[in-house]
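# What the coordinates show
Residue-level listing of the chains:
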Amino acid sequence: GRGGRGRPRPGGIKFANDLAQFDTAVDAHATQGRAGVQALCAWPERAMLFTGGLDGNVRMFNVTDGASQDQVEGNEVSALCMHAGWLFVGFVNQPTPGQDVGFVKSYNFGANGAPEIFNFAIDAAFPAAHRARVTSICVGNGMVFTGGEDCVVRGWKLDGKSWILVGALGGQTTHNDKVRKIAFVNNFLYTGAFNGEIKVWDVTGNLQGQFQAHQNMITDICGWTGNGQNVLLTCSADASIRVWDVSATGFVPAGAQPVFTYPPPDLPRKPKAVSCMITHTLQDGTSILLCGFVDGSIQALDLPDFSDLGFLSGHNRNAAITALTVFQPTNLLFAASQNGQLNCFKLLK
């Protein structure tokens, strides 16, 4: 039953050496004074991996041979998203000294020859996507959504050779605080803010509900379906992961309560802020949740029971894990770190 979920196994900290083996680490964005990988995404069909860093570069890796090349974007690359051959890049520049402005650029790698490049602009007077740092980008229902520290989530649609602003969710502001994470799950758009609030929007931009998911910043949002369950998973800087049942309506309704919170109250280890997470299905059919933490650790949890499968080992744990992705063709897990390194693990199951 739910009451037994998430409890630690005897023996203290468990390592997931039978699940994942550390392979290598690459200094992806380790420039002194500007070290840090801020964003990560994969393009499995072309065996490509993209990282964005505090150094203002996007680095493109060929997973097959390890070759890489850089593209300079601005003062800081803060968000990446790959969808159907399109790479979307959120980056920060300062047109006026001391004022961060959030830009978004897209690369159409599906075009013949060199990739086509498109810029996002609110209007001619303000040729940028947000009036502050871009924090998250996702794609859904034929549109691109961008969230920023200006408290707004905007929707964009491709029209010929340009991305046209369709509008901002909620009008002038989407949240009363900075937007940290946006995700498209079950045909609904979830927007999470620094104050722990999450709002739910349908494909036409209508607000379906809002709820106080956490007591601190939302750091990640994802969905999982399996074992007869359909749930939304959220994690936060408040050191918790919460599970929300969406089986009845397809989304989390207003005022909903989580069906489970990890870690449970009796966990002997002190909880730590969760910085990112992803779901993954192992080759043997087991579903797991991989979680990155601000202390540099990475933990694997069984789904749906949240039993502790162990912590990954071998990598440098001196900085927060900022993003995770699994490269399915080669069964590799990549973990980005605030120290500028990109860590690679071989999944053994």
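Attention here is on the structure that accompanies the text. (Residues numbered from 1 in each chain as written. Predicted model: local features only at pLDDT ≥ 70, side-chain atom pairs only at ≥ 80, totals over all residues. Heavy atoms only, no water.)

So, about the sheet that holds strand β28 (residues 341-347). An order of β1-β28-β27-β26 is seen for the four strands of this open sheet, with the pairing classed as antiparallel. The open sheet has two edge strands, β1 (20-27) and β26 (321-327), and neither has a second partner. Sheet twist, expressed as the average angle between the axes of neighbouring strands with direction ignored, equals 20 degrees. As judged from the seven bridges shared by β1 and β28, these two strands associate in the antiparallel manner. Note that in β28 the partner of aspartate 27 across the bridge is glutamine 341. (Pairing = 2+ DSSP bridges. Helix = DSSP H or I, 4+ residues; strand = E, 2+ residues; numbered from the N terminus. Axes fitted to C-alpha atoms, helices over the stretch in contact; angles between N-to-C directions.)

What follows covers the sheet that holds strand β11 (residues 143-148). If you walk across this open sheet you meet the four strands as β10-β11-β12-β13, and the pairing is antiparallel. Each end of this open sheet is capped by a strand with a single partner; those strands are β10 (134-140) and β13 (162-168). Each neighbouring strand pair of the sheet contributes to a mean axis angle of 30 degrees, computed without reference to strand direction.

Take the packing of aromatic side chains next. All chains considered together, the criterion is met by 18 aromatic pairs. With 5.9 Å between their ring centres and 40 degrees between their planes, phenylalanine 50 and phenylalanine 109 make a pair best called tilted. In this pair, phenylalanine 50 sits in strand β3 (residues 48-53) while phenylalanine 109 sits in the loop between β8 (99-108) and β9 (116-119), placing the two residues 59 residues apart along the sequence. Centre to centre, the rings of tryptophan 86 and phenylalanine 88 are 6.1 Å apart; their planes meet at 10 degrees, and the pair counts as stacked. Owing to a relative accessible area of 14%, tryptophan 86 belongs among the buried residues under this scheme. (Phe/Tyr/Trp six-rings, centres within 6.5 Å; stacked < 30°, edge-to-face > 60°. Buried < 20%, exposed > 50% of the residue type's maximum accessible area, 1.4 Å probe, protein only.)

With eight of its ten residues buried, β8 lies for the most part within the structure. Judged from the nine bridges that link them, strand β7 (residues 86-96) and β8 form a sheet pairing that is antiparallel. Each bridged residue has a counterpart across the sheet, and for glycine 90 the counterpart in β8 is valine 104. Once β7 ends, the chain turns through two residues before running back antiparallel as β8, passing glycine 98 with a positive phi of about 85 degrees. By the bridge criterion, four bridges tie β8 to β9 in an arrangement that is antiparallel. Bridge pairing in β9 places lysine 105 opposite asparagine 119.

Pairing between strand β24 (residues 298-302) and strand β25 (residues 308-311): three bridges, direction antiparallel. Note on β25: the bridge partner recorded for glutamine 299 is phenylalanine 311. The turn joining β24 and β25, which pair antiparallel and follow one another in sequence, is formed by five residues; a positive phi near 65 degrees is taken by phenylalanine 306.

We now examine the nonpolar core. One finds Phe50, Leu80 and Leu87 to be the most contacted residues of the largest nonpolar core, which totals 33 residues. Every element with two or more residues in this core is listed here: β2 (37-43), β3, β4 (57-62), β6 (76-83), β7, β8 and β10. Not counting residues within four places of it along the chain, the set of residues in contact with phenylalanine 50 comprises Ala39, Leu40, Cys41, Trp43, Val58, Arg59, Met60, Leu80, Met82, Leu87 and Phe109. If you look at the next biggest cluster of nonpolar residues, it comprises 19 residues, including Ala16, Ile288, Ala300 and Ala335. (Core = buried A, V, L, I, M, F, W, Y, C linked by side-chain atoms within 4.5 Å. Contact = heavy atoms within 4.5 Å.)

This part covers the pattern of salt bridges. Under the counting rule described, the total for this entry stands at eleven salt bridges. Here arginine 133 and glutamate 149 are joined by a salt bridge, their closest N and O atoms 3.5 Å apart. Of the two residues, arginine 133 sits in the loop between β9 and β10 while glutamate 149 sits in the loop between β11 and β12 (153-159), which places them 16 residues apart along the sequence. The salt bridge involving aspartate 150 is made with arginine 154; its shortest N-O contact spans 3.3 Å. Judged by relative accessible area, which is 16%, aspartate 150 ranks as buried. What makes arginine 154 buried here is its relative accessible area of 10%. Overlapping salt bridges bring together Glu76, Arg133, Glu149 and Lys178 as one network. (Salt bridge = Lys/Arg side-chain N within 4 Å of Asp/Glu carboxyl O.)

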